[in-house]
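# Coordinate analysis (summary)
The lines below spell out each chain.
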Amino acid sequence: MNTIQILLQTIWASILVLGWVKVAIIVIIIALLSRAQSILGLLAALIFIAYLAHWI
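What follows deals with the overall build of the protein. On a plain count of helices and strands, the protein comes out with 2 helices and 0 strands. Taken across its 56 residues, the protein has 12% of its residues classed as buried. Entry remark: accessible area of the protein is about 4,900 Å², with carbon and sulfur atoms responsible for 79%.

Below, the structure written as structure tokens:
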């Protein structure tokens, strides 16, 4: 039973880490697009908000 609990906790932690990694990558992409052009930055921000709405 203890092994199963440790396995589930490990899987949950890895899912959380992958979620944060995806968010960090998207934030970096938005920052780069914002520097390129303001319209692309606005578009990226809207896509990010849509992504967060779906993720929550």
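Core analysis: the biggest nonpolar cluster contains 5 residues, these being Val 23, Ile 30, Ala 44, Phe 48 and Tyr 51. Looking at this core, the elements with two or more residues in it are helix 1 (2–36) and helix 2 (38–55). In terms of residue count, the dominant contributor to this core is helix 2 (3 residues). The residues contacting Ile 30, other than those within four sequence positions of it, are Ala 44, Ala 45 and Phe 48.

On the surface, Ile 4, Leu 7, Leu 8, Ile 11, Trp 12, Ile 15, Leu 16 and Trp 20 cluster together into a nonpolar patch covering about 880 Å² of accessible area. Mapped onto the elements, Ile 15 comes out in helix 1. Classification of Ile 15 by relative accessible area gives partly exposed; the value is 47%.

This paragraph deals with the environment of Ala 45. Along the chain, Ala 45 turns up in helix 2. With 16 residues separating them along the chain, Ala 45 and Ile 29 place their C-alpha atoms 9.8 Å apart.

The next subject is the environment of Ile 26. Of note, Ile 26 is situated in helix 1. A relative accessible area of 23% places Ile 26 in the partly exposed class. Spatially, the C-alpha atoms of Ile 26 and Tyr 51 are 9.5 Å apart, while their sequence positions differ by 25 residues.

Analysis parameters
Residues numbered from 1 in each chain as written. Predicted model: local features only at pLDDT ≥ 70, side-chain atom pairs only at ≥ 80, totals over all residues. Heavy atoms only, no water. Helix = DSSP H or I, 4+ residues; strand = E, 2+ residues; numbered from the N terminus. Buried < 20%, exposed > 50% of the residue type's maximum accessible area, 1.4 Å probe, protein only. Areas by Shrake-Rupley, 256 points an atom, 1.4 Å probe, with all protein chains shown as cover. Core = buried A, V, L, I, M, F, W, Y, C linked by side-chain atoms within 4.5 Å. Contact = heavy atoms within 4.5 Å. Patch = residues over 30% accessible without salt bridge, like charges linked within 9 Å, V, L, I, M, F, W, Y side chains within 5 Å. Salt bridge = Lys/Arg side-chain N within 4 Å of Asp/Glu carboxyl O.

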